[in-house]
Amino acid sequence: VASRVLLPIHRFEASSAADLYQGVRSIDWSQHLGVETTLAVDVAGKDAVAGPGHFVALKTKDAIVDQLRDRHGARPDIDTVRPDIRVNVHVRATQITINIDLAGRGLHRRGIDRVGADAPLKENLAAAILRLAGWPTEDPSVPFFDPMCGSGTLLIEAAWMALDVAPGARRKGSGRAGWRGHDGALWRRLVDEATERANAARGRALRIVGTDASDEAVAIAQGNLRRAGLNDVVRVQQRELREAIPPWVEPGFLVTNPPYGERLGEQKEIEPLYTRLGTTLKTHFGDWKAAALTGNPKLAGALHLRPYRSYSLYNGPIKCRLLCFSIGSVGPAPSQAQKVETAQQAQ
């Protein structure tokens, strides 16, 4: 569920560009990289007193390369795409934290060339949604269903979790071998352990299905599953939401990320979709656990379901709520005809 792994190496206060430069230069950079190492600097945070983000990155880079050049007569090259080491600067007003980024590229990149449909979830957010919803379970054969699967991100993450596949198993160049603090033997043992666990779980029988109303989304999801090596494990079908029914008799988990349009006009168009989702859950998924992510409280109200738990999450800059339901406790109200039939049976 992590987006990055950062190792803090120095914290200090910087009220000016000069303070920033001196604070970065005070670090012994020879412990972390050499002149042969390629370097990149990223900046995160806000309200930096020392200057705007690009300026903070520039001054940090200058302090690092100046120190190494003064000591060794040469300087490392800058590579913003695939550096040997990536330095992260986190700023909050005058507070500066210098980190070594041990992940390199964002950890949501799982090592497959995933194609996105409209507004795809990042993989680490999808993993967080699943964990909060209660997935995976001790029994990997418990059914899992996403009735609005889009490009299949939730399906892929759910399957990899159930198959004990480490989220970075397919990433190349991980482990930060260009960082001088890297322990290659330990990293190799961790990779071997992850491989052994995935091999041991490879034969597990999963029941994971996704559907989507869009033919295009289904084709994209099938392609992503194929690239993830899961096309024989997970099924995806084209189906309207109103046609969604449990793929198995046994109850399981329904987890989905319905659209939640950012503009008012979009919200009005999407609201009936939420009402239909709530009706579908109450009508057909009475014994299932369910979870839905939404970025709009009004749309959540259109579900006409009361969650037993909710969590605040961010999908990029959008504050969202993950709503968790136990459908059996909030089934649909009986119709008048059902009431009459029940009364006649009681007599």
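For the structure, check the block above.
Residues numbered from 1 in each chain as written. Predicted model: local features only at pLDDT ≥ 70, side-chain atom pairs only at ≥ 80, totals over all residues. Heavy atoms only, no water.

Asker: Describe in detail the overall build of the protein chain, supporting the description with residues and values.
Answerer: Within the protein chain, the secondary structure is distributed over nine helices and 11 strands. Its C-alpha atoms give the protein chain principal-axis dimensions of roughly 95 × 45 × 35 Å. If you average the places of the 45 positive and of the 38 negative side-chain charges in the protein chain, the two averages end up 2 Å apart. (Helix = DSSP H or I, 4+ residues; strand = E, 2+ residues; numbered from the N terminus. Lys, Arg positive; Asp, Glu negative; His and termini not counted. Charge placed at Lys NZ, Arg CZ, Asp CG, Glu CD.)

Asker: Can you tell me about the sheet that holds strand β2 (residues 39-46), naming the residues and giving the values?
Answerer: Backbone hydrogen bonds hold the strands of a sheet together, and the pairing may be parallel or antiparallel. Taken in spatial order, the four strands line up as β1-β4-β3-β2 in an open sheet, and their pairing is mixed. At either margin of the open sheet sits one strand with a lone partner, and together these are β1 (6-13) and β2. Sheet twist, expressed as the mean angle between neighbouring strand axes with direction ignored, is 20°. Strand direction decides the pairing type here: β1 and strand β4 (residues 95-101), joined by seven bridges, are antiparallel. By the bridge assignment, Pro-8 is partnered in β4 with Asn-99. (Pairing = 2+ DSSP bridges. Axes fitted to C-alpha atoms, helices over the stretch in contact; angles between N-to-C directions.)

Asker: Outline helix α6 (residues 215-227), listing residues and values.
Answerer: For α6, spanning 13 residues, the distance from its first C-alpha to its last is 19 Å, which sits close to the expected 18 Å at 1.5 Å a residue. Looking only at α6, the buried set comprises Ala-217, Val-218, Ile-220, Ala-221, Gly-223, Asn-224 and Leu-225. Considering only its buried residues, α6 is in contact with α4 (153-162), β6 (208-212) and β7 (234-238). The N-cap of α6, judged by a side-chain oxygen 3.2 Å from the amide nitrogen of Glu-216 a few residues on, is Ser-214. Of the residues one or two after α6, Gly-229 is the one with positive phi, at around 75°. (Expected span 1.5 Å × (residues − 1). Buried < 20%, exposed > 50% of the residue type's maximum accessible area, 1.4 Å probe, protein only. Contact = heavy atoms within 4.5 Å. Polar contact = N/O pair within 3.5 Å; in protein donor to acceptor, adjacent residues only side chain to side chain.)

Asker: How would you summarise helix α5 (residues 184-201) if you had to cite specific residues and measurements?
Answerer: An ideal rise of 1.5 Å per residue puts 26 Å on 18 residues; α5 measures up with 26 Å between its terminal C-alpha atoms. Between the side-chain oxygen at the start of α5 and the backbone nitrogen of Ala-185 there is a gap of 3.3 Å, and the oxygen is on Asp-183.

Asker: How would you summarise the environment of Gly-111 if you had to cite specific residues and measurements?
Answerer: Within the secondary structure, Gly-111 is located in the loop between β4 and α3 (123-133). Sequence-wise, Gly-111 and Val-43 are 68 residues apart; in three dimensions their C-alpha atoms are separated by 24 Å. The residues contacting Gly-111, other than those within four sequence positions of it, are Arg-170 and Arg-171.

Asker: Go over the packing of α3 against α4, please, and point to the residues and values.
Answerer: Interaxial distance between α3 and α4 falls to 9 Å at its minimum, and their mutual angle equals 65°. α3 and α4 meet at a crossing whose hand is right-handed. When α3 is examined against α4, the residues Glu-123, Ala-126, Ala-127, Ile-129, Leu-130 and Arg-131 are found in contact with a partner set consisting of Thr-153, Leu-154, Glu-157, Ala-158 and Met-161. (Left-handed = near helix turned anticlockwise from the far one by under 90°.)

Asker: Describe the pattern of salt bridges, and please don't skip the residues or the numbers.
Answerer: The final tally for this structure, using the stated rule, is 12 salt bridges. The residue Asp-101 makes a salt bridge to Arg-4 at a minimum N-O spacing of 2.6 Å. Highlighted residues: Asp-101 in strand β4 and Arg-4 in the segment before β1, separated in sequence by 97 residues. Judged by its relative accessible area of 0%, Asp-101 falls in the buried class. One salt bridge connects Glu-123 with Arg-114, and the closest N-O pair in it is separated by 2.4 Å. (Salt bridge = Lys/Arg side-chain N within 4 Å of Asp/Glu carboxyl O.)

Asker: Describe the pairing of β4, naming the residues involved and giving the relevant values.
Answerer: Burial analysis of β4 places six of its seven residues in the buried class, which makes it a mostly covered element. Hairpin connection, strand β3 (residues 85-92) to β4: the antiparallel pair is bridged by two residues, and Ala-93 has positive phi, about 60°.

Asker: Just give me the short version of the sheet that holds strand β9 (residues 289-294), but keep the residues and values in it.
Answerer: Here seven strands make up an open sheet; going across it, the order is β7-β6-β5-β8-β9-β11-β10 and the pairing mixed. Each having just a single partner strand, β7 and β10 (309-315) make up the two edges of the open sheet. Strand-to-strand twist of the sheet, defined as the mean angle between neighbouring strand axes without regard to direction, takes the value 20°. Looking at chain direction, strand β5 (residues 144-146) and strand β8 (residues 253-256) are connected through two bridges and run parallel. Paired with Phe-145 across the two strands is Leu-254, which belongs to β8.

Asker: Give a description of the nonpolar core that names residues and reports values.
Answerer: Membership of the largest hydrophobic core comes to 61 residues, with the highest contact counts inside it found for Ile-129, Trp-135, Phe-144, Ile-208 and Leu-230. At eight residues, the largest contribution of residues to this core is made by α4. Contact partners of Phe-144, with chain neighbours within four places excluded, come to Leu-130, Trp-135, Leu-154, Leu-155, Ala-158, Arg-207, Ile-208, Val-209, Trp-248, Phe-253 and Val-255. Grouped together as the second largest cluster of nonpolar side chains are 25 residues, Ile-27, Leu-39, Ile-96 and Trp-179 included. (Core = buried A, V, L, I, M, F, W, Y, C linked by side-chain atoms within 4.5 Å.)

Asker: Can you break down unusual backbone geometry residue by residue, with the values?
Answerer: The linkage connecting Trp-135 with the following residue, Pro-136, adopts the cis geometry, with an omega of 0°. Along the chain, the position of Pro-136 falls in the loop between α3 and β5. One non-glycine residue, Ala-93, lies in positive phi territory at about 60°. Phi angles above zero are rare outside glycine, and Asp-164 is one such case at about 60°.

Asker: So what's going on with the packing of aromatic side chains? Residues and values would help.
Answerer: Under the defined criterion, the tally for this structure stands at four aromatic pairs. Judged by centre distance (5.8 Å) and plane angle (15°), the ring pair of Phe-145 and Phe-285 falls under stacked. Of the two residues, Phe-145 is situated in strand β5 and Phe-285 in the loop between α7 (264-284) and β9; the sequence distance between them amounts to 140 residues. Owing to a relative accessible area of 1%, Phe-285 belongs among the buried residues under this scheme. With centroids separated by 5.2 Å and ring planes inclined at 85°, the aromatic side chains of Phe-285 and Trp-288 adopt a geometry described as edge-to-face. Judged by its relative accessible area of 3%, Trp-288 is buried. One aromatic cluster is present, formed by Trp-135, Phe-144 and Phe-253 through successive ring pairs. (Phe/Tyr/Trp six-rings, centres within 6.5 Å; stacked < 30°, edge-to-face > 60°.)

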